[in-house]
Amino acid sequence: MEASLRRHDTIYVGGEWIKPANTDTIEVINPATEQVIGVVPAGGPEDVDAAVAAARGAADEWAATPPDKRAAHLAELRDALNTHRRTAAMLVTSELGAPVRIADRVHVGTPIDVLDSYVELLSTYEFHERIGHSLVLSEPVGVVGAIAPWNYPLHQAVVKIAAALAAGCTVILKPAEETPLNAFLLAEAVHEAGLPAGVFNLVPGGPAVGESLTCHESVDMVSFTGSTAVGKRIGELCGKQIKRASLELGGKSASVALPGGDLATAVKVTVANVMLNSGQTCSAWTRLLVPNERMDEAADIARSVVARYTCGDPLDPETRVGPLVSEAQRARVLREIQTGTMQGAQLVAGGEEPPPGLDRGYYVRPTVFSHVRPDATIAVEEIFGPVLSIIGYADRDEALWIANGTEYGLAGAVWAADEESAVAFARQLKTGQVDINGGRFNVLAPFGGYKRSGIGREFGRHGLEEFLEYKSLQL
Ligand code: NAD
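Residues numbered from 1 in each chain as written. Predicted model: local features only at pLDDT ≥ 70, side-chain atom pairs only at ≥ 80, totals over all residues. Heavy atoms only, no water.

The name that an unreviewed UniProt entry assigns to the protein chain is Aldehyde dehydrogenase, with the source organism given as Virgisporangium aliadipatigenens. UniProt lists a comment for the protein chain under the heading Sequence similarities (unreviewed entry), and it reads "Belongs to the aldehyde dehydrogenase family." (UniProt positions renumbered as here; feature names shortened; annotations may be inferred.)

Put into structure tokens, the structure is as follows:
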């Protein structure tokens, strides 16, 4: 075990750190060293009951707290998190393997920006409006079960919690079992920020805790991010109870380099997008679509770009690609790479061999395939690893057909000679977000999926409104 073992033996319920009823524990592994770096409780049904009771008990008062007071609490939370940002970044590096060069800016900076955006939004958002002779009130849904994945541990929790708390809901967070340490830091920040008891509760654990929360009769809504398979299960369970569910699921997004666009920039930015977080990003542009006649050129550019993506120790500031989160995830990604080769795609860079000089850690080399058929397994399945597939198209119609040809629709990019033609193409994509000629991420714009990438939106006003019910009073 590593020297700096983090051991938590309490859960955060009703504004206090309490001993869980369940005595099981979860070991947290550093994916770069394969060492145990933390131990946290695995909650059980009684712990879920206690947390839901605390959230229910706090719900009415929090809902009645004026928006400016809720904003003040969120500002305190933002500031508390900011105080601990170095620790948060260090935890993301050690429990997820995120390279230090992105841990602070991406993993911790984004959730702080998100909290800030909700503080701002609450200063202008109208929770009531007149429509003809009706007064329409926007009221919080109530008690929310927030189930988070491991890929952006702090961000995925905060994006749910910030919007839910801003809307006036109370929350029980269940972090992913692979990366729960950031959730403990978040709970500590909530406590320091002085949020009212019961407004935020933390019950770590695995799928059983997630299902207990989903099925609990006092939970009004489930906000879930993770795999499409688990999303379906949660959707089914919520459907049976007529319970609201917001689902952020997988993706297989396309970056489309249209004829006339800047191919070199398209390839460079697409490689960067895929390799970020070792490819463990639901919105990653894992398919690069290029004109058939420029396939070889695109492959050459990708080869030289990806050579700069140093894979290794996430603590090294030069590292751009760290390990995958777990041994299981690495095995899955290596199987996909093997399938890609077997199905005839050309390996441009990377592959199944472990990166040189790394004899431990769940590493996969940054990998690029060219000449990938649009129906190949690696062109349609979400891999969730550092693997890019370059696919050729004959004309604009075929590019559109390929881009829209998976069950997913979360994100994407279009590269064209001018903004107008890129936007015209983007309008025809069945996907929730499209970056036009390198447009930057916007924490105020709605994020979420078409098709099997999910139901609902996160971020900004649209994210807030997921947590609202409307009541019309006819005057
Ligand atoms: P997952 O869907 O298995 O787990 C996500 C969360 O759901 C975790 O907190 C988990 O404990 C919980 N959970 C699992 N089963 C549950 C159940 N039956 N009821 C309630 N909660 C349950 O995802 P994962 O194992 O973390 O990753 C597997 C795949 O999911 C990835 O390879 C990737 O394809 C996808 N993924 C997508 C995103 C995204 O942001 N869209 C994020 C992470 C993972």
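There is more to say after this.
Let us look at the site of the ligand. In the region of the ligand, 29 residues are neighbours, and Trp 150, Glu 177, Ser 227, Leu 249 and Glu 382 sit closest. Between the ligand and Leu 249, the relevant distance is 2.4 Å, taken from a nitrogen atom to a main-chain nitrogen or oxygen of the residue. Gln 329 is positioned with one of its side-chain polar atoms (N or O) 3.4 Å from an oxygen atom of the ligand. Mapping the ligand onto the cavity grids shows that it belongs to the second largest pocket. (Near = heavy atom within 4 Å. Polar contact = N/O pair within 3.5 Å; in protein donor to acceptor, adjacent residues only side chain to side chain. 1 Å grid on protein atoms, 1.4 Å probe; cavity = no way out; pocket = protein on both sides within 12 Å on 5 of 7 lines; lining within 4 Å. Sits in = over half its atoms within 2 Å of the grid points.)

With that settled, consider the sheet that holds strand 18 (residues 412-415). Across the sheet, which stays open at both edges, the 7 strands sit in the order 15-16-17-14-13-18-19 with mixed pairing between neighbours. With partners counted over all chains shown, the strands left at the sheet margins are strand 15 (346-351) and strand 19 (435-436), one partner each. Sheet topology note: the strand 15/strand 16 (residues 365-370) ladder contains 4 bridges and is antiparallel. Among the inter-strand pairings, Leu 347 is bridged to a residue of strand 16, identified as Phe 369. (Pairing = 2+ DSSP bridges. Helix = DSSP H or I, 4+ residues; strand = E, 2+ residues; numbered from the N terminus.)

When you line up the elements, Asn 292 lands in the loop between strand 14 (287-291) and helix 10 (295-306). Separated by 100 residues in the primary sequence, Asn 292 and Gly 392 have C-alpha atoms spaced 4.5 Å apart. Beyond its immediate sequence surroundings of up to four residues, Asn 292 is in contact with Gly 392, Tyr 393 and Ala 394. (Contact = heavy atoms within 4.5 Å.)

Before going further, it helps to examine the sheet that holds strand 5 (residues 35-41). One open sheet holds the 3 strands; their spatial order is 1-5-4, and the pairing between them is mixed. Looking at the sheet topology across the chains shown, the edges are occupied by strand 1 (6-7) and strand 4 (25-30). Taken together, the 2 bridges between strand 1 and strand 5 define a ladder with parallel strand orientation. Paired with Arg 6 across the two strands is Gly 38, which belongs to strand 5. Packed on one face of the sheet, helix 3 (residues 85-96) meets strand 1, strand 4 and strand 5 and runs near 90° to strand 4. Taken strand by strand, helix 6 (residues 181-193) contacts strand 1, strand 4 and strand 5, and its axis lies near 50° from that of strand 5. (Axes fitted to C-alpha atoms, helices over the stretch in contact; angles between N-to-C directions.)

Let's shift gears to the domain arrangement of the protein chain. Structurally, the protein chain comprises domain 1 (6-249 + 453-474) and domain 2 (254-442). Look at where the C-alpha atoms of domain 1 and domain 2 centre, and you get two points 30 Å apart. Interface of domain 1 and domain 2: buried area, both sides summed, is about 2300 Å²; carbon and sulfur atoms make up 59% of it. In terms of surface lost to domain 2, no three residues of domain 1 exceed Arg 101, Trp 150 and Ser 453, which account for 23% of the buried area on that side. (Domains from an automatic or database assignment. Buried area = accessible area lost by both parts, 1.4 Å probe.)

The sites that UniProt annotates as "active site" (unreviewed entry) are Glu 248. With respect to the helices, strands and loops of the structure, Glu 248 is situated in strand 12 (residues 244-248). The buried category is assigned to Glu 248, whose relative accessible area is 3%. The contacts of Glu 248, once residues within four sequence positions are left out, are Phe 224, Thr 225, Gly 226, Leu 410, Phe 447, Gly 448, Gly 449, Ser 453, Gly 456, Arg 457 and Glu 458. (Buried < 20%, exposed > 50% of the residue type's maximum accessible area, 1.4 Å probe, protein only.)

Here the focus is helix 9 (residues 263-275). With 13 residues, helix 9 extends 18 Å between its outermost C-alpha atoms, agreeing within 8% with the 18 Å of an ideal straight helix rising 1.5 Å per residue. Those residues of helix 9 that fall on the buried side of the exposure criterion are Leu 263, Ala 266, Val 267, Thr 270, Val 271, Val 274 and Met 275. Along the axis of helix 9, the buried positions cluster into a sector of 145°, meaning they face one direction only. For helix 9, the elements touching its buried residues are strand 13 (254-257), strand 14, helix 10, strand 16, strand 17 (387-393) and strand 18. You can read the cap of helix 9 off the contacts: a side-chain oxygen lies 3.3 Å from the backbone nitrogen of Ala 264, and it is on Asp 262. (Expected span 1.5 Å × (residues − 1). Arc of directions from axis to C-beta.)

Moving on: the UniProt feature "domain: Aldehyde dehydrogenase" (unreviewed entry) in the protein chain. Residues annotated by UniProt as "domain: Aldehyde dehydrogenase" (unreviewed entry) correspond here to residues 17-472. For residues 17-472, the helix share is 42%, the strand share is 20%, and the end-to-end C-alpha distance is 40 Å.

Where empty space is left becomes clear once a probe the size of a water molecule has been rolled over the atoms. Across all of its chains, the model carries 4 cavities of 30 Å³ or more by this definition. Lining of the largest cavity is provided by 16 residues; of these, Ala 254, Arg 287, Ala 403, Ala 411 and Thr 431 occupy positions nearest its centre. For the lining of the largest cavity, a count of residues per class yields 6 nonpolar, 6 polar and 4 charged. (Points joined across faces, edges and corners; volume = space filled by probe spheres on them. Nonpolar A, V, L, I, M, F, W, Y, C, P; charged D, E, K, R; others polar.)

Another point: the packing of aromatic side chains. In this structure the tally under the stated criterion is 9 aromatic pairs. Relative to Phe 200, the ring of Tyr 12 has its centre 6.3 Å away and its plane inclined at 40°; by these criteria the two rings are tilted. In this pair, Tyr 12 sits in strand 2 (residues 11-13) while Phe 200 sits in strand 10 (residues 200-202), placing the two residues 188 residues apart along the sequence. Comparing Tyr 12 with Phe 200 shows no difference in burial state: the two are buried. Ring centres of Trp 285 and Trp 415 lie 6.4 Å apart, and the angle between their planes is 75°; on these two criteria the pair is classed as edge-to-face. Remark: Trp 415 occurs in strand 18 and Trp 285 occurs in the loop between helix 9 and strand 14; sequence separation between them is 130 residues. (Phe/Tyr/Trp six-rings, centres within 6.5 Å; stacked < 30°, edge-to-face > 60°.)

Turning our eyes to something else, we now look at the packing of helix 3 against helix 4 (residues 100-122). Contact geometry for helix 3 and helix 4: axes closest at 9 Å, N-to-C directions at 120°. As judged from the angle between their axes, helix 3 and helix 4 are oblique. When you trace helix 3 past helix 4, the crossing you get is right-handed. Note on element contacts: helix 4 touches helix 3 through Val 100, Ala 103, Asp 104, His 107, Val 108, Gly 109 and Ile 112, opposite Arg 85, Ala 88, Ala 89, Val 92, Thr 93 and Leu 96. (Parallel < 35°, antiparallel > 145°, perpendicular 65-115°, else oblique. Left-handed = near helix turned anticlockwise from the far one by under 90°.)

Here the focus is helix 2 (residues 67-83). Spanning 17 residues, helix 2 covers 24 Å between terminal C-alpha atoms, matching the ideal 24 Å at 1.5 Å per step. Turning to helix 2, its buried residues number three or more, namely Arg 70, Ala 71, Leu 74, Ala 75, Leu 77, Arg 78, Ala 80 and Leu 81.

Attention shifts here to the layout of surface pockets. Taken as a whole, the largest pocket spans an internal volume of roughly 1200 Å³. Val 106, Tyr 152, Asn 273, Leu 276 and Phe 441 are the residues nearest the centre of the largest pocket, which is lined by 39 residues in total. Mapped onto the lining of the largest pocket, the elements with two or more residues apiece are helix 4, helix 5 (153-167) and helix 9. Examining the composition of the lining of the largest pocket, we find that 7 residues originate from one element, helix 4, more than from any other. Classifying every residue of the lining of the largest pocket by side-chain character gives 17 nonpolar, 14 polar and 8 charged. Two domains share the lining of the largest pocket, each providing at least three of its residues, namely domain 1 (6-249 + 453-474) and domain 2 (254-442). There is about 700 Å³ of room inside the second largest pocket.

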